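So the chains spell out like this:
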Amino acid sequence: MSRSLSGNQIRQEFIDFFKEKGHQFVPSSSLVPGSDQTLLFTNAGMVQFKDVFLGTDKRNYTRAVNSQKCMRVAGKHNDLDDVGRDDLHHTFFEMLGNWSFGDYYKKEAIAWAWELLTHKWGLDKSRIWVTCFKDEKGQIEADQEAADNWQLQPGINSDHILFFGRKDNFWEMADTGPCGPCSEIHFDKGLEYCDKQNDPKHRCGVNSDCHRYLELWNLVFIQYNRTSPIKLEPLPSKHVDTGMGFERIVSVIQGVDSNYRTDLLLPLIEMVRQLSGQSEKERDENFTPYRVVADHARAASFLIADGVVPGNVGRNYICRMIIRRASRFGSKLGLNEPFLGKIAEKVIEQYSLAYPELEKNHKTIIDNLTREEERFQTTVESGLAYLEDAILALNSKGITQLNGKLAFDLYATHGLPLEITRDVLREKNLEVDQEGFYNAMEEHRINSGAGKEFGPQGGEDAEFYSTLGDQLRKTSRLENKGVQYDPYTLSTTESEIVGLVFEQESVKQISEGQKAGIMLSKTGFYIESGGQVSDLGLINSEKGKNVFEVEEVRKPAPGIIVHFGKVRKGKFSVNDMVTAEVDQKRRQDITRNHTATHLLHAQLRKVLGEHVRQAGSLVAPDRLRFDFTHPDALSSEEIHQVEDGVNQEVLNNYTLTIAQKKLSQALDEGAMALFGEKYGEEVRTISLGGGKPFSYELCSGTHVNETSEIGSFFITSEASAAAGIRRIEAVTGRKAYGLMSMRLQQLSAIKNLFKCSLDEIVSTSEKILAEKGHLLKELAKFGSIAAKNEYQAAKSRALILDGKSVVTLLLKDSSIDTMRELADSFRQDFSSGIAVIANMVGPGNIQLISTVTDDLVKKGISAGILIKKISGEIGGSGGGRPQLAQGGGTNLPKLKEIFENIHKYL
Ligand SMILES: [Zn+2]
Ligand SMILES: [Zn+2]
């Protein structure tokens, strides 16, 4: 290429190019997709615009451009297997895209793509190939329009415009919904890149599965709505959705033969090489571990910056797995100390300009990587040793597949993720039963009470409700954008029933006793979001003649809100006018806990540091629960400081400021955004404290007007929620008062028992405990004296057998210490003898000690054998040295019988 551009410049030039063409720059959404429960990670640029294509969301722009962070490491799009093996695949990658929402179409999209690639970036026109759609089944119209537009591009070779079928050139979001033909742009890297030249069946060309033609950019033209497997309806407004693999275009512009040799990844590779001490030649001969380490270190850094720390389930498992996999590949290069932090430093340096969240979370990223590597290193050796054993066992039996349950055990007890087990097995031409692994994992999760990964939203009934929503919109019972939803001002709403659901069917009427769902034209019931639970309450009509109790509120599909519950009285029909009343007392409790959560978050950052980030939250009426990133348990001093700080802010009686702002403005002003939450262009911000607010968050929850409404705030527990994540639970308002009041009553009861004043409770308790300690000591002394007296009596009864003295003694409620003391006394008192001392502590619990003098030990008599025998006979066990042994049992009558016939046992 004629121009030398850095990766960062190429990204910026792409964005600027489309900005000049009237596009709005929309920052990358989080790797954790907000409301899309079907997706583990954001895997394409269009994820954050899905609702726009579905017609359930509108933006105030019709052209957008961005570079999106993507992960393809699990599920349908899983590139993990290819990472490291070739130069094209990544777990994490960036996707550049431009969008038209009912604005421009094929003509502009194609012309601009051509202009950017050939004019601005100077790609060789003779090496560019494009593909258009032609249905192999002849059912869908061919996309001649796209081909015609390609023909018009200056300098294009007409022979390079090809047609392909559904697999390559027809894009669908799902089995139903928006879809359309697409047009791909491929770059011919040259015949030398064909890795199938020796394959006689290979016909080198676009889409022929060799490394010569690089797919660079996919332009999707969304023009249909699929309503059934055979039916496509034209969309009223057509959209453009494009995606260009960023690492690929950078490799082409920089003229390198691998994504890993672009300036995006080479600095990471170089850092790995320096740490390993290998030469460049050695590196190039053994490039795979370099690629894996660079790729995984980059992916893990971005994940942690988006709040996904290493853990055992779902996304957190993926984060753990890639760190461990990188660590294992590092060890192949001789890197046996934690080293990923050093690679991550390079990632942060390289990417922070475009993704400032990396620098913001610098310390968190390095800490989490290093901690996870250390954790892995403590178990990896034993894990790999177990795996080697398992491999030997497989080989000896001639089996080629490792049992999935065993693979899971390797993970659960030795920290070997499935993917590493699979790597190791593959190196020996073996495989693992992956389904069995996931089954075992799922079983383990359910057994450990963790439950299913995803919450109630979305779910199995999503499809039913989205169809129902479409029907309601068509009959214009529902506005196009859905239900009017305002939990902030509508505590009691006069509303119309637009739909009823009974046993997963749309019905016209529901009546007393039925469990059903009600859809209203508008509602003030809050729907679970941002951790705040849904509202409960009543829906009634005809002044309370008919009553429905709302037990759950959900948004099962975009634009649809359903109040689930039970008809308590009367009946309800579609089109009825009803009054929907939120349970106000409950709502106030929730609201107090929500505002207190913001105060708690701010105080934690103040007391513990800026690395504290929200990692989960529950705002319920009876308590609030807040998970946050922090490596260690909080000291009681820190807990007190946080609690005290929150109560100070409550008493300061700050007024809440709620404002609608542009997302970019709010973020620039330092508002805290939540991971995994999808934000629109306009966001709702909550700030507390004037001037520079001490708490400033993006939040859609309900809040108090002034902080004093919270009343009091008490932390009730602090514990670990997951690796690197702490959990605090707290109460406010009525619950806080209730807790305080109960504690005072308990204190008062103690005060009455101790017959002292409240102020004297601590000193009185100390005094009583000291007295108790003293008394116990006294008691032990008397016990020991009594035992010694009984020993003296037993001594005088000693049996003499062949010149040996035999003493048996049965004590009650004595102690092992005293029994040992007596055994010592016996050995001093007798030059040749055997003693067996028993002690009854409670019913059915007998302790035994036996001692044998040294002269008899020499003759082969052993206290250990004796005790073992006696203990066995009285229903217990025991043993020990020949001189002194200890045991026990339960059968007292049997013990007495043994003592009477002790001579038989010697
Ligand atoms: Zn080829
Ligand atoms: Zn909030």
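Residues numbered from 1 in each chain as written. Chains lettered and ligands numbered in written order. Predicted model: local features only at pLDDT ≥ 70, side-chain atom pairs only at ≥ 80, totals over all residues. Heavy atoms only, no water.

Our focus in this paragraph is the coordination of the zinc ion (ligand 2). Only His594 (NE2), His598 (NE2) and Cys699 (SG) from the protein reach the zinc ion (ligand 2) as donors, at distances of 2.1 to 2.4 Å. Within one chain, the residues serving as donors to the zinc ion (ligand 2) are arranged as H-x3-H-x100-C. Remark: Cys699 occurs in the loop between β27 (695-698) and β28 (713-722) and His594 occurs in helix α18 (residues 584-608); sequence separation between them is 105 residues. (Donors = N, O, S within 2.8 Å, 3.2 Å for Na, K, Ca; no water. Helix = DSSP H or I, 4+ residues; strand = E, 2+ residues; numbered from the N terminus.)

Taken together, the six strands give an open sheet; going across it, the order is β30-β31-β32-β33-β35-β34, and neighbouring strands pair in mixed fashion. The open sheet is flanked by β30 (799-801) and β34 (878-880), the only strands paired with a single partner. Going from strand to strand, the sheet's axes swing by 15 degrees on average, the running direction of each strand aside. Strand contacts of helix α25 (residues 863-873): β32 (833-840), β33 (846-852), β34 and β35 (884-889), with the helix running at about 155 degrees to β33, the strand carrying the most contacts. (Pairing = 2+ DSSP bridges. Axes fitted to C-alpha atoms, helices over the stretch in contact; angles between N-to-C directions. Contact = heavy atoms within 4.5 Å.)

Our focus in this paragraph is the sheet that holds β27. Taken in spatial order, the three strands line up as β25-β26-β27 in an open sheet, and their pairing is antiparallel. Since the sheet does not close on itself, it has two edges, and those belong to β25 (656-662) and β27, each with one partner. On average, each strand axis in the sheet is inclined to that of its neighbour by 25 degrees, with strand direction left out of account. In the sheet, strand β26 (residues 682-688) pairs with β27 via four bridges, with the strands oriented antiparallel. Each bridged residue has a counterpart across the sheet, and for Ser687 the counterpart in β27 is Tyr696.

Before going further, it helps to spend a moment on unusual backbone geometry. Positive phi outside glycine occurs at Asp209, with the angle close to 70 degrees. Among the secondary structure elements, Asp209 is positioned in the loop between β7 (177-188) and β8 (213-228). Backbone geometry at Asp802 places phi at a positive 50 degrees, although glycine is not the residue there. With respect to the element layout, Asp802 can be found in the loop between β30 and β31 (804-812).

Taken together, the side chains of Met740, Leu744, Leu747, Ile750 and Leu758 define a hydrophobic patch exposed on the protein surface, amounting to about 410 Å² of accessible area. Take Ile750: it is sitting in helix α21 (residues 733-754). (Patch = residues over 30% accessible without salt bridge, like charges linked within 9 Å, V, L, I, M, F, W, Y side chains within 5 Å. Areas by Shrake-Rupley, 256 points an atom, 1.4 Å probe, with all protein chains shown as cover. Salt bridge = Lys/Arg side-chain N within 4 Å of Asp/Glu carboxyl O.)

Here the focus is the packing of helix α9 (residues 288-305) against helix α13 (residues 362-397). Contact pair α9 / α13: the axes reach a minimum separation of 9 Å and the direction vectors enclose 120 degrees. The angle between the axes of α9 and α13 places the two elements in the oblique class. Of the two possible hands of crossing, α9 and α13 adopt the one that is right-handed. Residues Ala300, Ser301, Ile304 and Ala305 of α9 lie in contact with α13, whose contacting residues are Thr364, Ile365, Asn368 and Leu369. (Parallel < 35°, antiparallel > 145°, perpendicular 65-115°, else oblique. Left-handed = near helix turned anticlockwise from the far one by under 90°.)

Around the zinc ion (ligand 1), the protein contributes the donor atoms Cys194 (SG), His202 (NE2), Cys204 (SG) and Cys210 (SG), at 2.2 to 2.3 Å from the metal centre. Considered as a linear motif, the donors of the zinc ion (ligand 1) on their single chain read C-x7-H-x1-C-x5-C. The exposure class assigned to Cys210 is buried, which follows from its relative accessible area of 9%. (Buried < 20%, exposed > 50% of the residue type's maximum accessible area, 1.4 Å probe, protein only.)

What follows concerns helix α4 (residues 144-151). The α-helix advances 3.6 residues per turn, and as a result positions three or four apart in sequence lie on the same side. Of all the residues in α4, the buried ones are Ala146, Ala147, Asn149 and Trp150. The arc that holds every buried residue of α4, seen down its axis, measures 160 degrees, which confines them to one face. Among the structural elements, α3 (106-120), β4 (128-133), β5 (161-164), β7 and β8 are those in contact with the buried residues of α4. (Arc of directions from axis to C-beta.)

Below, the discussion takes up the confidence of the model for the protein. Here the protein shows a mean pLDDT of 88. Residues at 70 or above account for 95%. Considering only residues more than four positions removed or in separate chains, one finds that residues 448-459, a stretch of pLDDT under 50, has 15 contacts. (pLDDT = per-residue confidence, 0-100.)

The subject of this paragraph is the nonpolar core. One broad rule of soluble globular proteins: the nonpolar side chains tend to lie buried together. Of all hydrophobic cores here, the largest spans 115 residues; its most connected members are Phe14, Trp121, Leu123, Trp150, Trp217 and Ile249. At eleven residues, the largest contribution of residues to this core is made by α9. (Core = buried A, V, L, I, M, F, W, Y, C linked by side-chain atoms within 4.5 Å.)

Let us now look at the pattern of salt bridges. Taken as a whole and assessed by the stated rule, the structure comprises 51 salt bridges. Across the pair Arg325 and Asp423 runs a salt bridge, and its minimum N-O distance is 2.7 Å. Linking Arg325 in helix α10 (residues 314-332) with Asp423 in helix α15 (residues 418-427), this pair joins segments that are 98 residues apart in sequence. One exposure class covers both Arg325 and Asp423, and it is buried. One continuous salt-bridge network, built from bridges that share partners, spans Asp257, Arg261, Glu270, Arg273, Arg283 and Asp284.

This brings us to the packing of aromatic side chains. Two descriptors summarise a pair of aromatic rings, namely the distance from one centre to the other and the angle between the planes of the rings. Evaluated as defined, the whole model comprises 28 aromatic pairs. An angle of 55 degrees between the planes, with centres 4.8 Å apart, marks the rings of Phe49 and Trp99 as tilted. With Phe49 in the loop between β1 (24-25) and α2 (50-54) and Trp99 in strand β3 (residues 92-101), the pair connects residues that are 50 residues apart, well separated along the chain. The class for Phe49 is buried, based on a relative accessible area of 0%. (Phe/Tyr/Trp six-rings, centres within 6.5 Å; stacked < 30°, edge-to-face > 60°.)

In this section: the packing of α13 against helix α14 (residues 404-414). Look at α13 against α14: their axes get within 10 Å of each other, and the N-to-C directions meet at 160 degrees. With respect to their mutual orientation, α13 and α14 come out roughly antiparallel. Considering only the axes of α13 and α14, their crossing is right-handed. Only Leu406, Leu410 and His414 of α14 make contact with α13, whose side of the interface consists of Thr379, Ser382, Gly383, Tyr386, Leu387 and Ala390.

Let us look at the side chain of Glu373. Inspection of the secondary structure puts Glu373 in helix α13. Buried charged residue Glu373 carries no salt bridge. Nearest counter-charge: Lys342, at 8.6 Å. A polar contact of 3.1 Å, which involves the side chain of Glu373, links it to the backbone nitrogen of Leu340. Apart from residues lying up to four places away in sequence, Glu373 is in contact with Ile323, Glu337, Pro338, Phe339, Leu340 and Gly341. (Lys, Arg positive; Asp, Glu negative; His and termini not counted. Polar contact = N/O pair within 3.5 Å; in protein donor to acceptor, adjacent residues only side chain to side chain.)

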